[in-house]
Amino acid sequence: MNPYKVSQSDTTHGPDGEHHLVTGQHARMRLWHREEPNADKPQSTNPYETLGYVIEGRADLIIDGQTIPLQPGDSYRVPAGTPHTYRITQTLTAVEVTTPGRDQ
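Numbering of residues starts from 1 in every chain and runs along the sequence as written. Predicted model: local features are reported for residues with pLDDT of at least 70 only, side-chain atom pairs are reported and counted for 80 or more only, and whole-chain, interface and lining totals are derived from all residues. To obtain the side-chain values, all non-hydrogen atoms of the structure were used and water was disregarded.

Trainee: Looking at this structure, how should I read the packing of aromatic side chains?
Mentor: To describe a pair of aromatic rings, you give the distance between the ring centres and the angle between the ring planes. For Phe, Tyr and Trp, rings pair up if their centres lie within 6.5 Å, where Trp contributes its six-membered ring, and each pair is then called stacked (planes under 30 degrees apart), edge-to-face (over 60) or tilted (otherwise). Inspection of every chain in the model, using the stated rule, returns one aromatic pair. On the basis of an interplanar angle of 70° and a centroid distance of 6.1 Å, the ring pair of Tyr76 and Tyr86 is categorised as edge-to-face. Separated by ten residues along the polypeptide, Tyr76 in strand E6 (residues 75-78) and Tyr86 in strand E7 (residues 84-99) bring together distant segments of the chain. The pair formed by Tyr76 and Tyr86 is uniform in burial state, with each residue classed as buried. By definition, any uninterrupted DSSP run of H or I lasting at least four residues is a helix, any uninterrupted run of E lasting at least two residues is a strand, and each is numbered from the N terminus. Think of it in three bands: with a 1.4 Å probe and only protein chains considered, a residue is buried below 20% of the maximum accessible area for its type, exposed above 50%, and partly exposed in between.

If you want it as structure tokens, here you go:
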């Protein structure tokens, strides 16, 4: 595998349906591709920060007692150690970067 490029055929898939893309020294990138609408995903608290960008679809980020609607063109941040969940309201494609990179 090329250390500078990950081809589509080389991506792996995580337990929640995410596509693991490129991994750097301090960050990882993943793709949520055409995630279907759902009830709230289980709340989670992660030891890493998540930065994301919505490509298509809509979701609600529920964090710190707030419901934050996300739509195409919106970017978002979930700080490390912050309880949160997502509710997908329209088939969603989004890219996320976690830092420091989390284990697959």
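Trainee: Is there a simple way to explain unusual backbone geometry in this structure?
Mentor: For residues other than glycine, phi is negative in most cases, and the peptide bonds are mostly trans. Across the junction of Thr99 and Pro100, the peptide omega takes the value -5°, indicating a cis bond. Within the fold, Pro100 resides in the segment after E7. Unusually for a residue other than glycine, Arg34 sits at a positive phi of about 55°. As for its position among the elements, Arg34 is in strand E3 (residues 28-35). A relative accessible area of 45% means that Arg34 is categorised as partly exposed. For Asp64, which is not glycine, the phi torsion reads 50° and is therefore positive.

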